[in-house]
Amino acid sequence: MGRFGAVVFIALLVFLCGSVQVRSDGSDHRYKDGDPVPLYANKVGPFHNPSETYRYFDLPFCVPDDVKEKKEALGEVLNGDRLVSAPYKLDFLQEKDATSVCQKKLSKEDVAKFRAAVDKDYYFQMYYDDLPIWGFIGKVDKEGKEPSDFKYYLYKHIHFDIFYNKDRVVEINVRTDPNALVDLTEDKEVDVEFLYTVKWKETTTPFENRMDKYSQSSSLPHHLEIHWFSIINSCVTVLLLTGFLATILMRVLKNDFVKYAHDEESAEDQEETGWKYIHGDVFRYPKHKSLFAACLGSGTQLFTLTVFIFILALVGVFYPYNRGALFTALVVIYALTSGIAGYIATSFYCQLEGTNWVRNLLLTGCLFCGPLFLTFCFLNTVAIAYTATAALPFGTIVVIVLIWTLVTSPLLVLGGIAGKNSKAEFQAPVRTTKYPREIPPLPWYRGTIPQMAMAGFLPFSAIYIELYYIFASVWGHRIYTIYSILFLVFIILLIVTAFITVALTYFQLAAEDHEWWWRSFLCGGSTGLFIYAYCLYYYYARSDMSGFMQTSFFFGYMACVCYGFFLMLGAIGFRAALLFVRHIYRSIKCE
């Protein structure tokens with residue numbers, strides 16, 4: 001039943017995510033000569049600020065007589081898509097030459113709007129038969145050195161080059177005529193006639209491959225070389241770390257085992273030293289165990305979510321410019337996996353002899369969702385103030401609240417009840433003494449923060465090359481499609497995180513510091529802090545983002561993502577450390 005349920009679950013997700021692409025009204029993408037082909041205008045916005053997008057008709061373009069808004073799926077709305085019927089008519093195989101869209105007198109306010117948009121490098125995005133198209137709305141002539149000498153021009157003539165194979169549209173390219181310009185430099189009324197030209201050309205490219213051109217940029221040889229360099233860099237890191245653990249740690253452990261066995265045979269009253277000395281304290285439950293169990297539950301849920309996202313990516317659900325699918329998948333899978341968080345948190349909390357499991361369950365439910373909700377409230381308010389398409393409509397917010405109320409919360413509670421009734425006991429191979437030993441004074445580099453810095457650096461160094469491409473895709477206009485390489489990097493990240501946490505836990509116990517529970521979690525999760533530090537570097541050194549809205553969106557949502565990484569990798573680090581600690585204390589005899 002379990003395997004069948006998993007298959008049904010994945011099939012449901014593939015169906016949900018596959019159904020959120022930008023659809024042309026029920027069409028099978030086959031057309032006859034003269035048939036209308038759906039063209040939707042999506043949004044406009046500054047090229048360097050991907051979050052700051054506005055509705056197409058927020059700028060004073062030609063408005064068609066019957067503007068129809070397209071109904072969008074949840075993922076499309078979360079992605080900031082707001083599709084409306086475009087003013088151009090691109091019927092199948094119908095060529096047009098310099099056809100007028102409309103004649104318009106731009107008022108001073110309209111000219112100022114267009115000029116501000118041109119100054120910020122505004123682009124427009126449309127969808128023609130599900131194919132994305134872009135173009136810039138104007139250009140700035142910077143012949144003069146002073147900004148007051150700049151000239152601002154609006155493109156008024158658009159060329160559509162459409163390629164077809166039999167009865168199907170395969171490709172569309174958009175060009176703006178560099179000679180057909182409207183001068184917007186001065187604050188005065190301007191008469192303008194917007195024009196468009198349509199040319200049809202036959203191609204042999206099959207319809208099934210029409211999305212390939214959008215994914216080719218990330219598969220170019222020099223890009224692949226960089227990705228493979230990233231993999232090799234990560235593998236070298238793993239091998240070095242594995243070698244370090246195998247030669248140093250295993251040899252030291254072996255010597256420890258021999259020494260402790262010899263001590264038992266030779267002198268019963270000899271004083272113990274090192275990690276054996278604290279065997280009566282090492283399984284003493286951590287402080288704030290309710291919070292610890294909640295962190296472990298949330299981290300495990302986020303790990304499960306990431307694995308499912310990778311499965312969907314590897315089977316090809318997230319093809320280029322189907323970004324809505326990713327957002328839908330994140331919302332749906334997070335809701336469906338909340339039972340895992342409830343089960344793990346409550347069962348572990350009960351193993352730690354916790355009594356108030358209901359409060360623990362509430363804490364688990366709010367630990368990640370709480371900060372995410374507060375961040376969303378602030379950023380949505382900013383987007384509303386900017387009248388940007390990133391502001392979610394009231395209906396979408398209601399849908400998300402309903403999903404949280406009717407799916408996430410009940411599954412969390414069910415998981416919690418199952419965890420409470422699991423009756424699992426904490427497996428400690430040695431008895432815990434009644435009173436804790438005092439931890440000896442340790443040098444500064446044995447402190448929590450220096451240890452976190454050491455623990456986070458190696459996993460981060462294994463992934464930082466790949467991070468640039470992910471950031472350029474999420475916060476830019478590059479396309480990321482090499483999910484197999486990303487999955488390899490993710491596995492390497494998990495291995496390095498587990499290894500470095502185990503190594504640091506051993507050195508902590510060898511220094512007779514038995515408070516390793518929280519330390520192992522914090523050391524495992526510290527990579528999330530390094531990723532956030534990389535966000536600062538990326539924003540100021542590698543991107544051209546600017547403005548309050550884009551800055552707040554970037555740092556706000558990246559804070560949530562890095563916090564998620566912190567919880568997920570913290571759970572991985574603690575689990576690895578727990579396995580290791582159980583193993584070494586099971587291997588020695590303790591009175």
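Everything below is about the structure printed above this text.
Just so you know, these numbers come straight off a predicted model, no measurement behind them. (Residues numbered from 1 in each chain as written. Predicted model: local features only at pLDDT ≥ 70, side-chain atom pairs only at ≥ 80, totals over all residues. Heavy atoms only, no water.)

Enquirer: Sorry if this is basic, but what is going on with the overall build of the protein chain here?
Expert: A count of helices and strands for the protein chain gives 15 helices and twelve strands. In terms of overall dimensions, the protein chain has C-alpha extents of about 100 × 60 × 45 Å along its principal axes. Expressed as a percentage of its 591 residues, the buried residues of the protein chain come to 50%. Intrachain contacts of the protein chain at a sequence separation of at least 6 include 79% that bridge at least 24 residues. Here the protein chain contributes 53 positive and 57 negative side-chain charges, whose respective centroids are spaced 5 Å apart. (Helix = DSSP H or I, 4+ residues; strand = E, 2+ residues; numbered from the N terminus. Buried < 20%, exposed > 50% of the residue type's maximum accessible area, 1.4 Å probe, protein only. Contact = heavy atoms within 4.5 Å. Lys, Arg positive; Asp, Glu negative; His and termini not counted. Charge placed at Lys NZ, Arg CZ, Asp CG, Glu CD.)

Enquirer: Please explain the side chain of Thr53 as it appears in this structure.
Expert: You can see Thr53 is positioned in the loop between β1 (39-46) and β2 (54-55). Here Thr53 is in contact with Lys43, Val44, Gly45, Gly80, Tyr123, Ala388, Thr389 and Ala390, once residues within four sequence places are set aside.

Enquirer: Please clarify how the packing of helix α11 (residues 448-474) against helix α12 (residues 483-510) should be interpreted in this entry.
Expert: Pairs of packed helices are described in terms of their axes, by the angle between the two and the distance that separates them. Following both chains from N to C, one finds α11 and α12 inclined at 175°, their axes separated by 9 Å at the closest point. Here α11 lies roughly antiparallel to α12, going by the angle between them. Listed contacts from α12 to Gln451, Met454, Ala455, Leu458, Pro459, Ala462, Ile463, Glu466 and Ile470 of α11 are Ile485, Leu486, Val489, Ile492, Leu493, Val496, Thr497, Ile500 and Leu504. When the residues that make up the contact of α11 with α12 are grouped by side-chain class, the tally is 15 nonpolar, two polar and one charged. (Axes fitted to C-alpha atoms, helices over the stretch in contact; angles between N-to-C directions. Parallel < 35°, antiparallel > 145°, perpendicular 65-115°, else oblique. Nonpolar A, V, L, I, M, F, W, Y, C, P; charged D, E, K, R; others polar.)

Enquirer: What is the right way to look at the packing of helix α6 (residues 289-314) against helix α8 (residues 338-351) in this model?
Expert: Following both chains from N to C, one finds α6 and α8 inclined at 150°, their axes separated by 8 Å at the closest point. On the basis of the axis angle, α6 is roughly antiparallel to α8. In terms of crossing hand, the pair formed by α6 and α8 is right-handed. Judged by residue contacts, Lys289, Ser290, Phe292, Ala293, Ala294, Leu296, Gly297, Ser298, Thr300, Gln301 and Thr304 of α6 engage Ser338, Ile340, Ala341, Ile344, Ala345, Phe348 and Tyr349 from α8. (Left-handed = near helix turned anticlockwise from the far one by under 90°.)

Enquirer: Can you walk me through the state of the cysteines in this structure?
Expert: Two cysteines joined by a covalent bond between their sulfur atoms form a disulfide. All told, the structure shown has one disulfide when counted by the stated rule. With its sulfur 1.8 Å from that of its partner, Cys62 forms a disulfide with Cys102. Where Cys62 bonds to Cys102 through sulfur, the torsion about that S-S bond is close to -70°, and the disulfide is left-handed. Of this pair, Cys62 sits in the loop between β2 and α2 (74-78) while Cys102 sits in strand β4 (residues 96-106), placing them 40 residues apart in sequence. Using a relative accessible area of 5% as the deciding quantity, one classes Cys62 as buried. A disulfide-free cysteine, Cys560 has its sulfur positioned 9.4 Å from the sulfur of Cys562, the nearest such atom. Residue Cys560 is classed as buried on the basis of its relative accessible area of 8%. (Disulfide = S-S within 2.5 Å.)

Enquirer: What am I meant to see in the pairing of strand β5 (residues 122-128) here?
Expert: Along a regular strand, successive side chains alternate from one face of the sheet to the other. Counting buried residues in β5 gives seven out of seven residues, a clear majority hidden from the surface. As defined by bridge partners, β5 adjoins strand β6 (residues 131-136) across six bridges and the pair is classed as antiparallel. Its bridge partner lying in β6, Tyr123 is registered against Phe136. Adjacent in sequence and paired antiparallel, β5 and β6 are bridged by two residues, among which Asp129 carries a positive phi angle near 50°. (Pairing = 2+ DSSP bridges.)

Enquirer: Would you take a moment to explain the sheet that holds strand β9 (residues 157-165) for this structure?
Expert: The pairing of strands in a sheet comes from backbone hydrogen bonds and takes either a parallel or an antiparallel form. Overall, mixed pairing links the four strands, which are arranged β4-β12-β9-β10 in an open sheet. Of all the strands in the sheet, just β4 and β10 (168-176) have a single pairing partner and so form its edges. Here the average twist between neighbouring strands, direction ignored, is 20°. Direction of pairing for β4 relative to strand β12 (residues 190-202): antiparallel, over a ladder of eight bridges. Paired with Thr99 across the strands is Tyr196, a residue of β12.

Enquirer: Can you walk me through the pairing of β12 in this structure?
Expert: Two elements, β9 and β12, share eight bridges in a ladder whose sense is parallel. Across the sheet, residue Ile162 finds its bridge partner in β12, namely Trp200.

Enquirer: I tried to follow α8 on my own but got confused; where do I start?
Expert: One turn of an α-helix holds 3.6 residues; hence residues three or four places apart share an orientation. Taking 1.5 Å per residue, 14 residues should reach 20 Å; α8 reaches 20 Å between its end C-alpha atoms and fits that length. For α8, the buried fraction is high: eleven of the 14 residues fall into the buried class. Buried within α8 we find Ser338, Gly339, Ala341, Gly342, Ile344, Ala345, Thr346, Ser347, Phe348, Tyr349 and Gln351. Of the residues one or two after α8, Glu353 is the one with positive phi, at around 60°. (Expected span 1.5 Å × (residues − 1).)

Enquirer: What is the right way to look at the nonpolar core in this model?
Expert: It is characteristic of soluble globular proteins that their nonpolar side chains tend to be buried jointly. The biggest cluster of nonpolar side chains holds 85 residues, and the ones touching the most others in it are Phe554 and Tyr585. Examining the composition of this core, we find that 18 residues originate from one element, helix α15 (residues 548-586), more than from any other. Domain assignment of the residues forming this core places at least three in each of domain 2 (222-257 + 440-590) and domain 3 (289-433). In this structure Phe554 touches Phe471, Trp475, Cys535, Tyr538, Tyr539 and Met545, once residues within four positions along its chain are discounted. Core analysis: the second largest hydrophobic core is formed by 56 residues, Leu39, Val190, Phe194 and Ala390 among them. (Core = buried A, V, L, I, M, F, W, Y, C linked by side-chain atoms within 4.5 Å. Domains from an automatic or database assignment.)

Enquirer: Even after reading the chapter, I still don't get the environment of Arg446, so can you show me in this structure?
Expert: Relative to the helices and strands, Arg446 is located in the loop between α10 (394-420) and α11. Residues Arg446 and Phe507, 61 residues apart in the sequence, show an inter-C-alpha distance of 9.0 Å. A polar contact is formed between the side chain of Arg446 and the backbone oxygen of Phe507, at a distance of 3.3 Å. (Polar contact = N/O pair within 3.5 Å; in protein donor to acceptor, adjacent residues only side chain to side chain.)

Enquirer: Looking at this structure, how should I read the environment of Arg251?
Expert: Along the chain, the position of Arg251 falls in helix α5 (residues 221-266). Sequence-wise, Arg251 and Met454 are 203 residues apart; in three dimensions their C-alpha atoms are separated by 22 Å.

Enquirer: How should the pattern of salt bridges be read in this particular structure?
Expert: Note that side chains of opposite charge can pair when their charged atoms are close. Per the stated rule, a full pass over the model turns up 13 salt bridges. Glu208 is the salt-bridge partner of Arg168, the closest N and O atoms lying 3.9 Å from each other. In this pair, Arg168 sits in strand β10 while Glu208 sits in the loop between β12 and α4 (212-215), placing the two residues 40 residues apart along the sequence. Of the residues examined, Arg168 reaches a relative accessible area of 14% and is grouped as buried. Residue Glu208 is classed as exposed on the basis of its relative accessible area, which comes to 62%. One salt bridge connects Asp281 with Arg284, and the closest N-O pair in it is separated by 2.7 Å. Taken together, the shared-partner salt bridges connect Lys105, Glu189 and Asp191 into one network. (Salt bridge = Lys/Arg side-chain N within 4 Å of Asp/Glu carboxyl O.)

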